[in-house]
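Below are the chains, spelled out letter by letter.
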Amino acid sequence: MLGLITGANRGLGLELVRLGLAQGDSILAACRNTDGEQMTELLTLKTDYPEFLEILQMDVTKEEEVKEAADKVRKKYGHIDFLINNAGVLFEKMKMPGDCIRDLDIDMLRRNLEVNVVGTALVCKYFIEQLYRSVCPCIMNITSEAAHLSPKGYNYPAYSVSKYAANMYTQKLRNFLEEERRELHMCIYMIHPGRMDTAMGKENAQIHPKEAAEGIYAILSGRKEILPMEIPFIDYKGRPMLC
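Worth saying up front: this structure is predicted, and the values here are computed from it rather than measured. (Residues numbered from 1 in each chain as written. Predicted model: local features only at pLDDT ≥ 70, side-chain atom pairs only at ≥ 80, totals over all residues. Heavy atoms only, no water.)

1. Things to note about unusual backbone geometry
A positive phi angle, near 50°, is found at Tyr156, a position not held by glycine. As for its position among the elements, Tyr156 is in the loop between strand E5 (138-142) and helix H5 (157-180). Positive phi values are uncommon outside glycine, yet His185 reaches one of about 50°. Summarising the element assignment, His185 is placed in the loop between H5 and strand E6 (187-192). (Helix = DSSP H or I, 4+ residues; strand = E, 2+ residues; numbered from the N terminus.)

Structure below.
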């Protein structure tokens, strides 16, 4: 398979790249920046798998960069088989000072939405035609349990709003594909990857991102069977999540 993974230079994205290459897939690893210390491990993988790994500079919030990357991939490969929208941000801490309504940082809220929602939509917009050309297309949007509506808790309001919106966007994609492009048999999921020990999730870490990557890849490869779902919100083990 040939797949695109965003946010590929660290954390879950890096582990997904590593696992995909080890299993014989060809990977397009998209990163906001393609230099600096955070690229060290990905560049090592490029040395180890020169024919199977291509690194793309692509800031998911910059439409022209996404379009240029999609054009490059289309001209070189003609299609992709899967897309994992993994790029994301979390700027808040579990306990933020002050009043979460009065003191909400609106610029931070906008940035969450720009990366976690608009970025996902931009990547889907410009790469969907290449997924349409696959015989086994799959979209996986990495979201979060934070998207679950609950009568308790007010932590991470900006992040939670963005992930709820990402889930809604994913559901609309699923509904369109089911109603208008059913012949494609495209799999689409919104996935909670667990509370990972990454730069973004360290505060609540429970698992290593490698564990999440293994579970997600099992779903992608079909080793973990997922029955048809009208609302395909699952965790990295394939278990249904509350909406």
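On we go.
2. As for the environment of Val118
Residue position: Val118 is located in helix H4 (residues 106-132). Residues Val118 and Tyr169, 51 residues apart in the sequence, show an inter-C-alpha distance of 9.6 Å.

3. Remarks on empty space enclosed by the protein
Unoccupied space between atoms shows up once a probe the size of one water molecule is rolled over them. With the rule as written, the count across this model stands at one cavity of 30 Å³ or more. Considered as a void within the structure, the largest cavity measures approximately 40 Å³ in volume. Lining the largest cavity are Asn85, Ala87, Asn116, Thr120, Asn141, Ile142, Thr143, Lys163 and Ala166. Secondary structure elements with two or more residues in the lining of the largest cavity: H4, E5 and H5. Of the residues belonging to the lining of the largest cavity, the class tally is three nonpolar, five polar and one charged. (1 Å grid on protein atoms, 1.4 Å probe; cavity = no way out; pocket = protein on both sides within 12 Å on 5 of 7 lines; lining within 4 Å. Points joined across faces, edges and corners; volume = space filled by probe spheres on them. Nonpolar A, V, L, I, M, F, W, Y, C, P; charged D, E, K, R; others polar.)

4. Some words on the layout of surface pockets
Size it by volume and the second largest pocket reaches roughly 440 Å³. Considering the residues around the second largest pocket, the lining is formed by 16 residues, among which Glu178, Met186, Cys187, Ile188 and Pro228 are closest to the centre. For the lining of the second largest pocket, the class distribution of residues is 10 nonpolar, one polar and five charged.

5. Focus on a positive patch on the surface
Side chains of Arg10, Arg32, Lys62 and Arg111 sit close together on the surface and give a patch of like positive charge. Along the chain, Lys62 turns up in the loop between strand E3 (53-57) and helix H3 (63-77). (Patch = residues over 30% accessible without salt bridge, like charges linked within 9 Å, V, L, I, M, F, W, Y side chains within 5 Å. Areas by Shrake-Rupley, 256 points an atom, 1.4 Å probe, with all protein chains shown as cover. Salt bridge = Lys/Arg side-chain N within 4 Å of Asp/Glu carboxyl O. Lys, Arg positive; Asp, Glu negative; His and termini not counted. Charge placed at Lys NZ, Arg CZ, Asp CG, Glu CD.)

6. With respect to the packing of H3 against H4
At a minimum axis distance of 9 Å, the contact between H3 and H4 shows a crossing angle of 15°. The angle between H3 and H4 falls in the class roughly parallel. For the pair H3 and H4, the crossing hand works out as right-handed. Every residue of H4 that contacts H3 at Glu63, Val66, Lys67, Ala69, Ala70, Val73 and Arg74 is listed here: Leu122, Val123, Lys125, Tyr126, Phe127 and Gln130. When the residues that make up the contact of H3 with H4 are grouped by side-chain class, the tally is eight nonpolar, one polar and four charged. (Axes fitted to C-alpha atoms, helices over the stretch in contact; angles between N-to-C directions. Parallel < 35°, antiparallel > 145°, perpendicular 65-115°, else oblique. Left-handed = near helix turned anticlockwise from the far one by under 90°. Contact = heavy atoms within 4.5 Å.)

7. Quick notes on the packing of aromatic side chains
Within the structure shown, the criterion is met by one aromatic pair. Pairing Phe82 with Tyr217 gives two aromatic rings, centres 6.2 Å apart and planes at 85°, and the pair type is edge-to-face. Placement of Phe82 in strand E4 (residues 82-85) and of Tyr217 in helix H6 (residues 209-221) is noted, with a sequence separation of 135 residues between them. Summarising the burial analysis for this pair, Phe82 and Tyr217 share the class buried. Positioned above the aromatic ring of Tyr126, the side-chain terminus of Lys125 is 5.4 Å from the ring centre. Sitting above the plane of the Tyr132 ring, Arg181 keeps its charged end 4.4 Å from the centroid. (Phe/Tyr/Trp six-rings, centres within 6.5 Å; stacked < 30°, edge-to-face > 60°. Buried < 20%, exposed > 50% of the residue type's maximum accessible area, 1.4 Å probe, protein only. Lys NZ or Arg CZ within 6 Å of the ring centre and 35° of its normal.)

8. Re the nonpolar core
Ranked by size, the top nonpolar core spans 33 residues in total, and within it Val17, Leu42 and Met140 carry the most contacts. Here Leu42 is in contact with Ala8, Asn9, Leu14, Val17, Ala29, Cys31, Leu53 and Ile55, once residues within four sequence places are set aside. Among the nonpolar cores identified, the runner-up in size contains 29 residues, and Leu56, Leu122, Val123 and Leu173 belong to it. (Core = buried A, V, L, I, M, F, W, Y, C linked by side-chain atoms within 4.5 Å.)

9. Things to note about the packing of helix H1 (residues 11-22) against helix H2 (residues 40-48)
Following both chains from N to C, one finds H1 and H2 inclined at 10°, their axes separated by 11 Å at the closest point. Between H1 and H2, the angle is such that the two are roughly parallel. For the pair H1 and H2, the crossing hand works out as left-handed. Touching Leu14, Val17, Arg18 and Leu21 of H1 are Glu41, Leu42 and Leu45, all from H2.

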